[in-house]
Amino acid sequence: MADTTPPTPVGLIPYLTIPSRGGQAAVEFYRAAFGAEELFRNLADDGERLMHSRLKINGSLIFLSDEFPEYGQTPDIKPEGFALHLQVDDADEWWNRAIVAGGIPVMPLADQFWGDRYGRLTDPFGHTWSIGAPIKG
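For every chain, the first residue of its written sequence is number 1, and the numbers climb from 1 along that sequence. This being a predicted model, a pLDDT of at least 70 is required before a residue's local features are given, and a value of 80 or more before pairs of side-chain atoms are given or counted; all residues contribute to the totals for chains, interfaces and linings. The side-chain numbers reported here are obtained from all heavy atoms of the structure, hydrogens and water having been left aside.

A. Representation of unusual backbone geometry within the structure. For Ser20, which is not glycine, the phi torsion reads 55° and is therefore positive. What counts as a helix is a DSSP run of H or I of at least four residues, what counts as a strand is a run of E of at least two, and both are numbered from the N terminus. Its location among the elements puts Ser20 in the loop between strand 1 (15–18) and helix 1 (23–34). A relative accessible area of 62% means that Ser20 is categorised as exposed. Within the chain, Asn58 stands out as a residue other than glycine whose phi angle is a positive 50°. Using a relative accessible area of 38% as the deciding quantity, one classes Asn58 as partly exposed. Between buried and exposed lies partly exposed: a residue is buried under 20% and exposed over 50% of the maximum accessible area for its type, with that area taken using a 1.4 Å probe on protein chains only.

Structural data, given as structure tokens:
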């Protein structure tokens, strides 16, 4: 059988570890919140945990999987010290869709002094996302 896995482009691709067997739910959240398109999915041998998913969000790739302590991924990974930033065409549209899908506001979406409409939210899996777009004139 031929390998139908799409090739991985060269570059920097964020890879999220999702706790508590939430990988498949994370894919659904990212679809609803950010319009993600799932390009590839591979389940673990247990048929439940997500071994690997490749998503396309706003033209860029992001990978994710469930945690796998048996392979050295500690189950207490806490995603701190970074945010995934979405630079978009309409910050209000992206923000509202993410909040309706279950995102939790951290910094409310507002016009900022640097010229963007910008806000930060946390997804249900503990990852921080920022959303920004130029202020409409």
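After presenting the structure, the write-up continues.
B. Examining helix 1 more closely. In this analysis, the expected span of each helix is defined as 1.5 Å times one less than the number of residues it contains. Over its 12 residues, helix 1 runs 16 Å from end to end, which matches the ideal 16 Å to within 8%, given 1.5 Å per residue. Considered for burial, the residues of helix 1 that qualify are Gly23, Ala26, Val27, Phe29, Tyr30, Ala33 and Phe34. The buried residues of helix 1 occupy an angular sector of 165° when projected down its axis, which confines them to one face. Once helix 1 ends, the next one or two residues include Gly35, with phi positive near 65°. When we speak of the arc, we mean the arc of directions from the helix axis to the C-beta atoms.

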